Amino acid sequence: MAGPIRYLALGDSYTIGTGLEDESKNFPKLLADRLAQELGVPVEVCNLGVNGYTTADLIRDELPVGRTARADLITVLIGANDIVQGVEETTYRHRLAQIYGAVQQFGLPSSRVVAISTPDFSPLSGAASFGTPERLHGRITAFNQVAREEAEGLGFGFVDITAVSTLPEKQADWLAADNLHPGPAQHRAFAETIWQTAKARWVPSLMRERP
């Protein structure tokens with residue numbers, strides 16, 4: 001493998017960094033920076049995340065781009081908007097299986113793909129219009145279990161950042177101004193958590209292909 005490493009990030013507002021004043025501080029860019037530092041080579045990020053996107057939106061708009069992206073690495077984080085829009089769990093599973101199956105057909109080794117859980121936004125004031133905290137928490141937990149099962153069934157990595165999102169010790173910039181989306185500190189915490197799994201899966205695979 002010659003040239004820069006190409007990292008494709010599929011997802012929604014969590015992936016693109018809605019609420020950040022500087023989207024270069026979202027977790028995909030932070031992951032890319034860590035990987036570039038680790039390997040000493042450039043890492044290019046193709047971030048297709050869009051605020052408000054559901055699994056159906058990702059299938060329609062992001063997968064066609066992903067098929068032509070020639071990515072070396074992929075992360076997938078999708079589900080929050082399915083939850084708030086009342087998508088049934090069985091429908092979410094069907095769509096997510098379609099997404100993961102399409103990613104598998106991109107031709108990468110399964111070690112190059114990492115799926116990521118949806119953060120727990122249920123207690124946040126910005127989520128008050130989406131339902132009770134108890135109901136939201138239950139749906140987030142159920143949907144994350146689906147994501148884990150579908151990802152691990154294909155040999156993809158799965159990273160739980162949900163626990164990170166509920167940490168009691170939060171810095172001043174833990175949340176964005178909307179009191180819903182993660183702020184810079186939370187994205188840094190997400191990146192650090194994801195990196196622990198990504199490094200173990202990505203670096204050995206990439207090193208085998210570097211000249």
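Residues numbered from 1 in each chain as written. Predicted model: local features only at pLDDT ≥ 70, side-chain atom pairs only at ≥ 80, totals over all residues. Heavy atoms only, no water.

Right, let's talk about the overall build of the protein for a bit. Looking only at helices and strands, the protein features eight helices and five strands. Ordered by position in the sequence, the α and β elements of the protein form the string β-α-α-β-α-β-α-α-β-α-β-α-α. Over its C-alpha trace the protein gives a radius of gyration of 16 Å, about what one expects of a compact globule, namely 17 Å for 211 residues. When its C-alpha atoms are laid out on the principal axes, the protein stretches across 55 × 40 × 25 Å. Expressed as a percentage of the 211 residues in the protein, the buried residues total 52%. (Helix = DSSP H or I, 4+ residues; strand = E, 2+ residues; numbered from the N terminus. Rg over C-alpha atoms; globule rule 2.2 N^0.38 Å. Buried < 20%, exposed > 50% of the residue type's maximum accessible area, 1.4 Å probe, protein only.)

Once that is clear, we can look at the packing of aromatic side chains. Enumeration according to the criterion identifies four aromatic pairs in this entry. An angle of 75° between the planes, with centres 5.8 Å apart, marks the rings of tyrosine 100 and phenylalanine 156 as edge-to-face. One end of the pair, tyrosine 100, is in helix 5 (residues 89-104); the other, phenylalanine 156, is in the loop between helix 6 (133-153) and strand 5 (157-159), with 56 residues separating them in the sequence. The pair formed by tyrosine 100 and phenylalanine 156 is uniform in burial state, with each residue classed as buried. (Phe/Tyr/Trp six-rings, centres within 6.5 Å; stacked < 30°, edge-to-face > 60°.)

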